[in-house]
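Overview (structure and organization)
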Amino acid sequence: MIISGIIQPAFIAAFALFLCACTGRNAEVFSAGEQANLTADDALRSLEDGNARFLAGSAGADNLKRLEVAARGQFPKAVILSCMDSRVPVESIFDCGTGDLFVLRLAGNVVNPDISGSLEYACRVSGAKLIVVLAHEDCGAVKSAVKDVQLGNITQLLEKIKPAAESVKADFSDTSYKNHAYVDAIAKENAKRALAGIREGSPILGAMEKRGEIKLVAAYYDLHSGKVTFFGVPCCNRP
C-alpha cells in the first residue's frame, strides 16, 4: 500500500507478482542453464499457463526485447507439430515469443521422416523437453481426407489421415465432412496416431521419452474459444 507518498515494500512485491502472473517471462529468453533445469512437466505447465493468459487477454510476449539475446543462441522449451491452418497462430495461443518454441507446420500435422528428423534436432540436439502434436477444430486437411480429395501431392498426404477416420467411423452415423463432431474426432485421433508415429519412427525420441528426458503429448485447439486442451498426457491427472 501507499502511505504518505511512500510506496511500501509489500506493495512493490505484490505488484511484481502481479506482473509476473500476467506476462510470465515474456521479456526474457531462456538460457542454456534454465533449459537444462527445465523438466518436461514444467514445459507443459508453461504452455498451459500461456494459453490461460491468451484466453484472459493478458498475453503479450515482447519480441523486440528478445531479438538481440535470441540471436546469440536458442534454447526452446518445447517443439510444436501443428497444422498449417492460418487460424492457429501457435506462438500467440501459448503466449510465447522469439526463442521459446520450435514450430513445425504441416497440413494435418502428419508425420514423415523429415518431421521426425526435425523433432530429433529440437530435442536431442537443441534440448527441447516437450513435443506437442497440436490438432485443431474444423481442420481442412481432415475434411479433405473424408472427402477423398485426389489432387497432386495432396493425395499422398491425406492417406496419412485416413486411418484415423476409419478408426472413429463406427462411433458416428453421419460420417460426412459436414459433421463437425466427426471431423473433430478424427483430428484428435490423428494427433494421437502422430504421437505413435513419432515414437515408432524415431528410436532416438522413443529412448529419450522412456528415460524421462522428454514428454510427448497431443493437444486440441478450439478455434472459437482459443482454448488448448491437452489429452493423452501420462501425468497430472489429465485424460
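Quick look at the structure, then. (Residues numbered from 1 in each chain as written. Predicted model: local features only at pLDDT ≥ 70, side-chain atom pairs only at ≥ 80, totals over all residues. Heavy atoms only, no water.)

1. Quick notes on the overall build of the protein chain
When its secondary structure is counted, the protein chain shows eleven helices and seven strands. Across the 239 residues that make up the protein chain, the buried fraction comes to 43%. Within the structure as shown, the protein chain displays about 12100 Å² of accessible surface, and the carbon and sulfur contribution to it stands at 57%. (Helix = DSSP H or I, 4+ residues; strand = E, 2+ residues; numbered from the N terminus. Buried < 20%, exposed > 50% of the residue type's maximum accessible area, 1.4 Å probe, protein only. Areas by Shrake-Rupley, 256 points an atom, 1.4 Å probe, with all protein chains shown as cover.)

2. Here's the deal with the packing of helix 6 (residues 113–125) against helix 11 (residues 203–210)
For any two helices packed against each other, the geometry is given by the interaxial angle and the distance between the axes. At their nearest, the axes of helix 6 and helix 11 sit 9 Å apart, and the two run at 40° to each other. If you check the angle between helix 6 and helix 11, you find them oblique. The handedness of the crossing between helix 6 and helix 11 is left-handed. Here Ser116, Leu119, Glu120, Cys123 and Arg124 of helix 6 lie close against helix 11, whose contacting residues are Ile204, Leu205 and Met208. In the contact of helix 6 with helix 11, the residues fall into five nonpolar, one polar and two charged. (Axes fitted to C-alpha atoms, helices over the stretch in contact; angles between N-to-C directions. Parallel < 35°, antiparallel > 145°, perpendicular 65-115°, else oblique. Left-handed = near helix turned anticlockwise from the far one by under 90°. Contact = heavy atoms within 4.5 Å. Nonpolar A, V, L, I, M, F, W, Y, C, P; charged D, E, K, R; others polar.)

3. Quick look at empty space enclosed by the protein
As enumerated under the stated definition, the model contains one cavity of 30 Å³ or more in all. In this structure, the largest cavity encloses a volume near 30 Å³. Surrounding the largest cavity, Gly108, Asn109, Ala135, His136, Cys139, Val142, Ala187 and Asn190 form its lining. Among the secondary structure elements, those contributing two or more residues to the lining of the largest cavity are strand 5 (130–136) and helix 10 (180–201). The class makeup of the residues in the lining of the largest cavity is four nonpolar, four polar and no charged. (1 Å grid on protein atoms, 1.4 Å probe; cavity = no way out; pocket = protein on both sides within 12 Å on 5 of 7 lines; lining within 4 Å. Points joined across faces, edges and corners; volume = space filled by probe spheres on them.)

4. Observations concerning the environment of Asn109
Inspection of the secondary structure puts Asn109 in the loop between strand 4 (101–105) and helix 6. In this structure Asn109 comes out as buried when scored by relative accessible area, which is 2%. Ignoring any residue separated from it by four or fewer positions in sequence, one finds Asn109 in contact with Leu81, Ser82, Cys83, Val133, Leu134, Ala135, Asn190, Ala191 and Ala194.

5. Considering the packing of aromatic side chains
Under the counting rule described, the total for this entry stands at three aromatic pairs. Here the aromatic rings of Phe102 and Tyr121 are separated by 6.3 Å at their centres, their planes lie at 75°, and the arrangement is edge-to-face. Linking Phe102 in strand 4 with Tyr121 in helix 6, this pair joins segments that are 19 residues apart in sequence. Positioned above the aromatic ring of Tyr220, the side-chain terminus of Lys188 is 4.5 Å from the ring centre. (Phe/Tyr/Trp six-rings, centres within 6.5 Å; stacked < 30°, edge-to-face > 60°. Lys NZ or Arg CZ within 6 Å of the ring centre and 35° of its normal.)

6. Structural notes on the pairing of strand 3 (residues 78–82)
Among the five residues in strand 3, five count as buried, and that is most of the element. Side chains of strand 3 alternate between two faces, with Ala78, Ile80 and Ser82 and Val79 and Leu81 buried alike. Note: strand 3 against strand 4, five bridges, orientation parallel. Counted as the bridge partner of Val79 is Phe102 from strand 4. Relative to strand 5, strand 3 is paired through five bridges, and the arrangement is parallel. (Pairing = 2+ DSSP bridges.)

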